[in-house]
Amino acid sequence: DSIGIAEPGSLQLEYRYLSHVTKNPRYQEVADLAFSAVMRNQRPDGLVNTQVSPKTGRPGTPGVSIGAQGDSYYEYLLKQWLQTGQTEQKFLDH
């Protein structure tokens, strides 16, 4: 079982905003854990496999893409960096 890496990116944006609006940090904390699992799978070339196991956080099906799934993940990194007021460098560094 695996999911595309764009899904945790999308959810993190939404859950971080939900935490901001509700003033409940728990939504952001959970979303950050999921997204951190994806970020830990960064390969030596700086790319991330397009699939990740939601149960283990390990890479799913091998392969990278700048097309479907892959490009969205990298777009979410930029959006998250902007959403944080350009303060969380980890989103820009990945």
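To be clear, the structure that these remarks concern was listed above.
The following refers to the structure shown. Along every chain, residues carry numbers that run from 1 in the direction the sequence is written. Local features in a predicted model are, by the rule used here, given only for residues with pLDDT of at least 70; side-chain atom pairs are given and counted only at 80 or more, and totals for whole chains, interfaces and linings are based on all residues. Values reported for side chains reflect all heavy atoms of the structure, with hydrogen atoms and water molecules removed beforehand.

As for the pattern of salt bridges
Only one rule defines a salt bridge in this text: a Lys or Arg side-chain nitrogen within 4 Å of an Asp or Glu carboxyl oxygen. The full count for this structure, using the stated rule, is five salt bridges. When the shortest N-O distance is used, the salt bridge between arginine 16 and aspartate 32 registers 3.0 Å. With a gap of 16 residues between them, arginine 16 in helix 1 (residues 6-22) and aspartate 32 in helix 2 (residues 26-40) connect regions that are remote in the sequence. When its relative accessible area of 7% is taken as the criterion, arginine 16 is described as buried. A salt bridge links glutamate 88 to arginine 16; the shortest N-O distance between them is 3.1 Å. Taken together, the residues span a long stretch of sequence, with glutamate 88 in the loop between helix 3 (70-83) and helix 4 (89-93) and arginine 16 in helix 1 at a distance of 72 residues. Overall, the relative accessible area of 23% leaves glutamate 88 in the partly exposed class. Ionic contacts of the salt-bridge type, sharing partners, join the residues Arg16, Asp32, Glu88 and Lys90 into one network. Secondary structure elements are taken from DSSP: a helix is a run of H or I of four residues or more, a strand is a run of E of two residues or more, and numbering for both begins at the N terminus. Classification of residues uses two cut-offs on accessible area relative to the type maximum, computed with a 1.4 Å probe and protein chains only: under 20% is buried, over 50% is exposed, and between them is partly exposed.

Some words on the packing of helix 1 against helix 2
With axes taken as lines fitted to C-alpha atoms, and helix axes fitted only over the stretch in contact, angles between N-to-C directions fall between 0 and 180 degrees. As a packed pair, helix 1 and helix 2 sit with axes 7 Å apart at the nearest point and diverge in direction by 160 degrees. With respect to each other, helix 1 and helix 2 are oriented roughly antiparallel. Like other packed secondary-structure pairs, helix 1 and helix 2 cross with a definite hand, here left-handed. Packed against helix 1, whose contacting residues are Pro8, Gly9, Leu11, Gln12, Tyr15, Arg16, Leu18, Ser19 and Thr22, the element helix 2 presents Arg26, Tyr27, Gln28, Ala31, Asp32, Phe35 and Val38 at the interface. Its residues placed into classes, the contact of helix 1 with helix 2 shows eight nonpolar, five polar and three charged. By the definition adopted for this analysis, an angle is roughly parallel if under 35 degrees, roughly antiparallel if over 145, roughly perpendicular if from 65 to 115, and oblique otherwise. Each helix crossing is assigned a hand: it is left-handed if the near helix lies turned anticlockwise from the far helix by less than a right angle, otherwise right-handed if that turn is clockwise. The contact criterion used is simple: two residues touch if any of their non-hydrogen atoms lie within 4.5 Å. Charged means Asp, Glu, Lys or Arg here, nonpolar means Ala, Val, Leu, Ile, Met, Phe, Trp, Tyr, Cys or Pro, and polar covers whatever is left, Gly included.

Comments concerning the environment of glutamine 12
Locating glutamine 12 in the fold gives a position in helix 1. Under the relative-accessibility criterion, glutamine 12 is labelled buried at 1%. Once the C-alpha coordinates of glutamine 12 and proline 62 are considered, the two residues, 50 residues apart in sequence, prove to be 23 Å apart. Apart from residues lying up to four places away in sequence, glutamine 12 is in contact with Ala31, Asp32, Phe35, Gln80 and Phe91.

Here we look at helix 3
Two residues of an α-helix separated by three or four positions point the same way, owing to the 3.6 residues in each turn. Here the expected length of a helix is defined as 1.5 Å per residue gap, with one fewer gap than residues. End to end, helix 3 covers 20 Å across 14 residues, agreeing with the expected 20 Å (1.5 Å per residue, within 8%). Where helix 3 is concerned, the buried positions are Gly70, Tyr73, Tyr76, Leu77, Gln80 and Trp81. One side of helix 3 carries all its buried residues, which in axial view fall inside an arc of 135 degrees. Considering only its buried residues, helix 3 is in contact with helix 1, helix 2 and helix 4. The directions from the helix axis to the C-beta atoms are what the arc is built from.

Thoughts on unusual backbone geometry
In this structure, lysine 23 takes a positive phi of about 60 degrees despite not being glycine. Unusually for a residue other than glycine, glutamine 86 sits at a positive phi of about 60 degrees. Checked against the element boundaries, glutamine 86 lands in the loop between helix 3 and helix 4.

Don't take any of this as a statement about function, it's just geometry.
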